[in-house]
Amino acid sequence: MGTSENNEEILRLTSENLKHKQTISYLSKIGQFSYKITRNVNKVSDLTEFCKIIHQELMKIIACENFYIALYDDNRKEFHFPYHVDKYDKIDDDTYMKLPGSLTDYIRRSGKAMLIDDIVEDDLYQKDEIVKMIGEPTSIWMGTPLFSAEENVIGVVAVQNYEDKSAYKEADLSLLKQVSRFIGVEIELLRAKQNAEKANKLKSEFLANVSHEIRTPMNAIMGFAGILSRSVLSLEQQDYCYIIETNGQKLLDLLDDVLDLSKIESGNVDLKIEEVDLKPFFQSIFFNFTNTISLDKKESIDIVFSNKSPDIKVYLDPKRLQQIVDNLITNSIKFTEKGLIKFGYTIVNDFIEIEVKDTGLGIVEEYKDKIFEKFYRIQDDRLSKNGQGLGLAICKSLVTKMGGEIWVENNDPCGSSFRFKLPYRPVESVKSSDIKNNTEVFEEYQKLDFTDKVILLVDDESINILLLETILKATNAVLISAKNSQEAIDFVLDQKIDLILMDCKMDGNSKAGIYATKEILKHRQIPIIMQTAYVNGIELEAMQAGCVGYISKPINHHQLLLMINKYL
Ligand code: ADP
C-alpha cells in the first residue's frame, strides 16, 4: 500500500472512530438521563418537583436555561404548565392557558419536533397556518412533543435561547426528541401514581365517614346491651343479650380491620413511638386475655406469659404492638381446641423477637406465606368460621412499617409458632418491683367514688347521655348534661364543674366539640375528655384544642372510668 493510500485509510479509520465515539457519547447521555429520571419518579409525588428534576438533568446534556413543560388537558382544552423557567417570560407553576396559534400548540397537533429560528418561523407563518412565537422574541427555539406509552401526544417540552442563534443544532433536536420519549412516559406514570393516591385518599375519607355513621348508633346498641346483660334476666334473655353483644362486637371489629388496613396501605398511619416497659406491657395483655377468654376455652386452654421475658424498657409504638400481639393471641385461641398458648419475647442481636405459640391445628407448609395475604383463610372444616382473613395482613403491614419481619413456624410437638421481630431500641433497664400490678389497677377501678364531683355530659343524642349516666351512676358523681356547645359554655360560666365529657360531632357539625372546648378553656381550666366516633385524626385536633384525653365510641366502660379517675 502506498503512503497516500495509507493516509486515506488512517483518515477513514479516524473519522469512523470519531463517529463511534460521538454515538457512544450520545447514547450514554440518553442512558444517564433516563436512568436519573426513572429513579426519581418513584421518589417524588409532586409534578412540578419532578419537572424541576427533569430540567436539572437535561441541563447536563443540553444548554437549556429557558425551559418549560406544557401538558395538554383534554377536558379543559388548555395547556397546563407544571413548570416554566424563563429569563423574560414569567408563567407561574400550575398555570392553565389556551395558547391558540402558538408553536407549542402546533407541535402538539402535528406531533413533530421542531427547531425554529426567524426564517423557519416566517415560513411557517406564511405557508402552513397562523403559527407564531408567543412572548419575548427569541433567537432560537426547540420543542418536541411528549408521547404517552400509547403514542398519544400529552404535551410539549421546549427550550430556547435569546442571544445565540446557533445555540441548538439538529443533533440537539435529535437528543431532545429521544429524551422526550422518556419524559412523556415518566410523567404519565407519575400522574397515574398521583391519581391512585387521590383515589386512595378519597377511599379513606369515605371509610372514615361510614365508620362514623355506623359507630354512633352502635354506641347506643352496645352500651345498652352491656347494661341489660348485667341486670336480672331469664336464661333466654341472657342468651339474646349475648348474641347482640357478640355480633355487635364482630361488626365493630370488621369495621376496624377494613379501616385500619386501608389506612396502613395508603400510608396514613403514623407510628407514635414512646418509652414502653415491656414486661408490664405484656403482663397487661396477659391480664386482658385471661379475663376475657370465653368460659368453654378457659377450661381447656392455659394462657401463659413466659417469665423468661427480660425486664427492659424500649422505644416503640405501644398501641400498634398491642394490636399485633392481640391479633396473634386471638388467632391462637380461635384455632386451638385445648392445650397451651404461650407468649413472650427475647432479644436476638439488635431485635426484639416476640413469639406467640399454641398447641392448635398448626399450619401446613404451603399456606405459611399465603396466610399473611389479605382476605386469605385456609379452607378447612375444622377451622373456625369466624373472621375475614384480615388480621395477619394487618399484622404484616404494621410489622413491616415498624422495620421488622413476621413469619410462622411449626410448634413442637403440635400447633404453630408465630414470630415477629422489631428493631431493639433500649431506653434503660427497669426493676419489676416498681411496676404496678394489673390486678391492683382493676380493683381500684371497681371502687371508684366521685362523690361531690360535678361531671358535665355534653352530647346532642339523648340516648348517649342516658348511657353515660348509667355507666357513671355507681360512682356517686353529680351529673349534669348539655345538648349542644352553647349550653355547655353557659353551664361552665354559671356553675362549678370538675370535668367535662364532650361529644365531638353535634348537630351535624363534626367539630362542634372542638369549638366548645376552645371556648370553655378561654374562661376556665377544666379537664375535658372528648368522645369521638371518628377514626381519622380528630383525636389529635382534640388534644391540640386542650382536651386532656379522648375516648372513642363505642365507649369502653372500664377505660372511661379509669380516664375520668385520672383527671378528677
Ligand atoms: P382470620 O383469623 O380472620 O381468618 P387472619 O388473617 O388472622 O384472619 O388469619 C388467616 C388464616 O390463617 C386463618 O383463617 C387461619 O386459617 C390461619 N391461622 C391464623 N392463625 C392461626 C393459628 N394460630 N393456628 C392455625 N391457623 C391459623
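See the structure shown above.
About the thresholds
Residues numbered from 1 in each chain as written. Predicted model: local features only at pLDDT ≥ 70, side-chain atom pairs only at ≥ 80, totals over all residues. Heavy atoms only, no water. Helix = DSSP H or I, 4+ residues; strand = E, 2+ residues; numbered from the N terminus. Buried < 20%, exposed > 50% of the residue type's maximum accessible area, 1.4 Å probe, protein only. Contact = heavy atoms within 4.5 Å. Areas by Shrake-Rupley, 256 points an atom, 1.4 Å probe, with all protein chains shown as cover. Lys, Arg positive; Asp, Glu negative; His and termini not counted. Charge placed at Lys NZ, Arg CZ, Asp CG, Glu CD. Polar contact = N/O pair within 3.5 Å; in protein donor to acceptor, adjacent residues only side chain to side chain. Near = heavy atom within 4 Å. Phe/Tyr/Trp six-rings, centres within 6.5 Å; stacked < 30°, edge-to-face > 60°. Lys NZ or Arg CZ within 6 Å of the ring centre and 35° of its normal. Pairing = 2+ DSSP bridges. Axes fitted to C-alpha atoms, helices over the stretch in contact; angles between N-to-C directions. Salt bridge = Lys/Arg side-chain N within 4 Å of Asp/Glu carboxyl O.

A.B. asks: Quick rundown of the overall build of the chain? Include the residues and the values.
C.D. replies: Looking only at helices and strands, one finds 16 helices and 19 strands in the chain. Along the first, second and third principal axes, the C-alpha atoms of the chain reach 115 × 65 × 45 Å. Within the span of the chain, comprising 568 residues, buried residues form 43% of the whole. Once local pairs closer than 6 in sequence are excluded, the contacts in the chain between residues at least 24 apart make up 67%. Just so you have it, the chain exposes about 30600 Å², and 51% of that area is on carbon and sulfur atoms. When the 69 positive and 88 negative side-chain charges of the chain are each reduced to one mean point, those points stand 2 Å apart.

A.B. asks: Residues and numbers for the side chain of Glu 353, please.
C.D. replies: Mapped onto the secondary structure, Glu 353 falls in strand E11 (residues 351-358). A distance of 3.3 Å separates the side chain of Glu 353 from the side chain of Arg 419, its partner in a polar contact. Those residues within four positions of Glu 353 in sequence are excluded, and the remaining contacts are Gly 344, Tyr 345, Thr 346, Val 348, Trp 407, Arg 419, Phe 420 and Lys 421.

A.B. asks: Could you give an account of the site of the ligand, naming the residues involved and the relevant values?
C.D. replies: In the neighbourhood of the ligand, 20 residues make up the surrounding shell, with Asn 331, Lys 334, Asp 358, Arg 377 and Leu 392 lying closest. A distance of 3.0 Å is found between an oxygen atom of the ligand and a backbone nitrogen or oxygen belonging to Gly 389. Ser 416 is positioned with one of its side-chain polar atoms (N or O) 3.5 Å from a nitrogen atom of the ligand. If you list the elements that add at least two residues to the shell around the ligand, you get helix H9 (318-334), helix H10 (391-401) and strand E13 (416-423). Counting residues per element, the shell around the ligand draws most heavily on H9, which supplies 3 residues.

A.B. asks: Explain the packing of aromatic side chains to me, using residue names and the numbers behind them.
C.D. replies: Each pair of aromatic rings is reported with the distance of its centres and the angle of its planes. Applying the stated rule across the entire model yields 12 aromatic pairs. Both rings, one in Phe 282 and one in Tyr 345, keep their centres 4.9 Å apart while their planes meet at 35°; by these two values the pair is tilted. Here Phe 282, found in helix H7 (residues 278-292), pairs with Tyr 345, found in strand E10 (residues 339-348); they are 63 residues apart in sequence, far enough to count as distant. Take Phe 282: its relative accessible area is 0%, and that puts it in the buried class. Members of the aromatic cluster, joined through ring pairs, are Phe 281, Phe 282, Phe 305, Phe 343 and Tyr 345. Across the ring face of Tyr 96, the terminal group of Arg 76 is positioned such that the distance to the ring centre comes to 3.6 Å. The ring of Phe 351 carries the charged tip of Lys 421 above its face, separated from the ring centre by 4.6 Å.

A.B. asks: Please set out the sheet that holds E10 residue by residue, giving values where relevant.
C.D. replies: The mixed open sheet is built from 5 strands, whose spatial order is E8-E10-E11-E13-E12. The strands lining the two open edges of the sheet, one partner per strand, are strand E8 (301-305) and strand E12 (405-410). Mean inter-strand twist for the sheet, computed between neighbouring axes without regard to direction, equals 15°. As paired elements, E10 and E11 share 8 bridges and run antiparallel to each other. Bridge pairing in E11 links Val 348 to Phe 351.

A.B. asks: Would you mind going over the pattern of salt bridges in detail, with residue names and values included?
C.D. replies: Throughout the structure, instances matching the rule amount to 20 salt bridges. A salt bridge links Glu 78 to Arg 76; the shortest N-O distance between them is 3.0 Å. What makes Glu 78 buried here is its relative accessible area of 14%. Among the residues examined, Arg 76 registers a relative accessible area of 43% and is labelled partly exposed. With a closest N to O distance of 3.1 Å, Lys 511 and Glu 541 form a salt bridge. Taken together, the residues Lys 511 in the loop between strand E17 (499-503) and helix H14 (512-523) and Glu 541 in helix H15 (residues 538-545) connect sequence positions 30 residues apart. For Lys 511, a relative accessible area of 36% puts it in the partly exposed group. Shared partners join several salt bridges into a network, and the residues in it are Glu 353, Glu 355, Glu 409 and Arg 419.

A.B. asks: Report on unusual backbone geometry, specifying residues and quantitative values.
C.D. replies: The step from Asp 412 to Pro 413 runs through a cis peptide bond, and the omega angle for that step is 0°. For Pro 413, the position within the fold is in the loop between E12 and E13. Even without being a glycine, Leu 99 presents a positive backbone phi close to 55°. Looking at the element boundaries, Leu 99 is found in the loop between strand E3 (95-97) and helix H3 (103-110). Residue Leu 99 is classed as buried on the basis of its relative accessible area, which comes to 14%. With a phi close to 65°, Asn 476 is a non-glycine residue in the positive phi region. Structurally, Asn 476 can be placed in the loop between helix H12 (462-472) and strand E16 (478-482). Classification of Asn 476 as partly exposed rests on a relative accessible area of 45%.

A.B. asks: For the side chain of Thr 144, give the residues involved together with the corresponding values.
C.D. replies: Mapped onto the elements, Thr 144 comes out in strand E5 (residues 140-147). Not counting chain neighbours up to four residues away, the residues in contact with Thr 144 comprise Ile 107, Ala 113, Gly 155, Val 156, Val 157, Leu 173, Leu 176, Lys 177 and Ser 180.

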